[in-house]
Amino acid sequence: MKLFLCTSLFNSSDNLEIFLQNIENQVYNDWELLICDDCSEDSTLKILKKKKDEYLGRLHIIENNINIGLTRSLINLINNVPENGHIVRLDDDEIHCSEYLLSIADSFQKGHDLIIYTDYPLIANILLRIHKYNKLFASIFLSLIGNIGTHGGTSFTKKLYKKSGGYSKAFYLSQDYHLLIRLIKFSKKPLFIYRKNFKPFDIPRQKYKISINESLLQKVFSLISLIALFKNKNKNFYFPFF
């Protein structure tokens, strides 16, 4: 089973070498790495092109001519994944143990179409119990409690992604949370895995100041996602928030 690793980069030269080395150290090696360079202003693209020959066709680079943001970059990447593909969302500032991809591949082979790594296993267990009886209620529950998935820690089949409507271009922030709410609604067999079992750690992220409190902002996004759950005619519900 081939895994398609999808990540978008912007000015990531400081983390990129470590990120790539971490992928190379994975014990599961049936994968392809799809990377979008979102018009970086540092040496990110130069590093990628230098590394490309070493990956023997397993590294695919998409170059944006202008900066289009994370959401649209991810949409373009996933559009290049085969219809029966298995997608792993990665961010360049997350480092995982060598068995990380193996755990994902094993979960896919067991029939799971959605795999989420979480720091909140008890809440995740409650969500799965709700999902067993009603998928819509499980999505509503997730939209009300907040995002319990780890940043960049979600994997899913391309079929599920398309059925859920995929990423919404209206979301410049919290795009993975909004997607997860909809993936839960359509997933036949979701799985939550306690992140600490695989001991990943994050490279310190650069913090960007925003004008609205982050907690309040996520609640607004979850409300929009909740409204979108009832929009059956248009799964990729558009809300012109930005």
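Look up a bit, the structure's there.
Rules of the game
Residues numbered from 1 in each chain as written. Predicted model: local features only at pLDDT ≥ 70, side-chain atom pairs only at ≥ 80, totals over all residues. Heavy atoms only, no water. Helix = DSSP H or I, 4+ residues; strand = E, 2+ residues; numbered from the N terminus. Buried < 20%, exposed > 50% of the residue type's maximum accessible area, 1.4 Å probe, protein only. Contact = heavy atoms within 4.5 Å. Polar contact = N/O pair within 3.5 Å; in protein donor to acceptor, adjacent residues only side chain to side chain. Phe/Tyr/Trp six-rings, centres within 6.5 Å; stacked < 30°, edge-to-face > 60°. Lys NZ or Arg CZ within 6 Å of the ring centre and 35° of its normal. Core = buried A, V, L, I, M, F, W, Y, C linked by side-chain atoms within 4.5 Å. Pairing = 2+ DSSP bridges. Salt bridge = Lys/Arg side-chain N within 4 Å of Asp/Glu carboxyl O. Patch = residues over 30% accessible without salt bridge, like charges linked within 9 Å, V, L, I, M, F, W, Y side chains within 5 Å. Areas by Shrake-Rupley, 256 points an atom, 1.4 Å probe, with all protein chains shown as cover. Lys, Arg positive; Asp, Glu negative; His and termini not counted. Charge placed at Lys NZ, Arg CZ, Asp CG, Glu CD.

Asker: Describe in detail the environment of Gln26, supporting the description with residues and values.
Answerer: As for its placement among the helices and strands, Gln26 is situated in the loop between α1 (13–24) and β2 (31–37). Looking at Gln26, the relative accessible area reads 7%, which means it is buried. Residues Gln26 and Tyr100 lie 74 residues apart in sequence; the distance between their C-alpha atoms is 7.1 Å. Apart from residues no more than four positions distant in its own chain, Gln26 is found in contact with His96, Cys97, Ser98, Glu99, Tyr100 and Leu101. Engagement of the side chain of Gln26 in a polar contact is seen with the backbone nitrogen of Tyr100, the distance being 3.3 Å.

Asker: Can you break down the packing of aromatic side chains residue by residue, with the values?
Answerer: With the rule as written, the count across this model stands at 4 aromatic pairs. By the ring-pair criterion, three or more aromatic residues cluster together here, those being Phe156, Tyr161 and Tyr167. Taking the ring centre of Trp31 as reference, the NZ or CZ of Arg58 above it sits at 3.8 Å.

Asker: Residue-level account of the nonpolar core, with values.
Answerer: Within the largest apolar cluster, 29 residues are counted, with the highest numbers of intra-cluster contacts made by Leu114, Leu142, Phe156 and Ile184. Elements supplying a minimum of two residues to this core: β1 (3–9), β2, α3 (70–79), β6 (114–118), α5 (121–133), α6 (135–145), α7 (158–164) and α8 (175–186). Per-element tally for this core: the top contributor is α8, with 7 residues. When near neighbours in sequence (up to four residues on either side) are disregarded, Leu114 contacts Thr154, Ser155, Phe156, Leu160, Leu180, Leu183, Ile184, Ser187, Lys189, Pro190 and Leu191. Counting 27 residues, the second-largest nonpolar core is a separate cluster that includes Leu33, Phe108, Ile115 and Tyr117.

Asker: Now, about the pairing of β1: what can you tell me, with residues and values included?
Answerer: Of all 7 residues in β1, 7 are buried, a share of seventy percent or more. Of the two faces of β1, the one carrying Leu3, Leu5, Thr7 and Leu9 and the one carrying Phe4, Cys6 and Ser8 are both buried. Inspection of the sheet shows β1 paired to β2 by 7 bridges, in the parallel sense. Along β2, the bridge assignment pairs Cys6 with Leu34. Here β1 runs beside strand β4 (residues 86–89); their pairing, made up of 4 bridges, is parallel. Its bridge partner lying in β4, Phe4 is registered against Ile87.

Asker: Could you give an account of the pattern of salt bridges, naming the residues involved and the relevant values?
Answerer: Summed over the entire model, instances satisfying the criterion amount to 12 salt bridges. Linking Glu63 and Lys49 is a salt bridge whose minimum nitrogen-to-oxygen distance equals 3.5 Å. Taken as a pair, Glu63 in strand β3 (residues 59–63) and Lys49 in helix α2 (residues 44–52) lie far apart in primary sequence, 14 residues in all. For Glu63, a relative accessible area of 44% corresponds to the partly exposed category. Classification of Lys49 by relative accessible area gives partly exposed; the value is 45%. Between Arg89 and Asp176 there is a salt bridge, with the nearest N and O atoms lying 2.8 Å from each other.

Asker: Account for a positive patch on the surface, with residues named and values stated.
Answerer: Taken together, the side chains of Lys135, Lys159, Lys163 and Lys188 present a region of like positive charge at the surface. By the secondary structure assignment, Lys159 is in helix α7.

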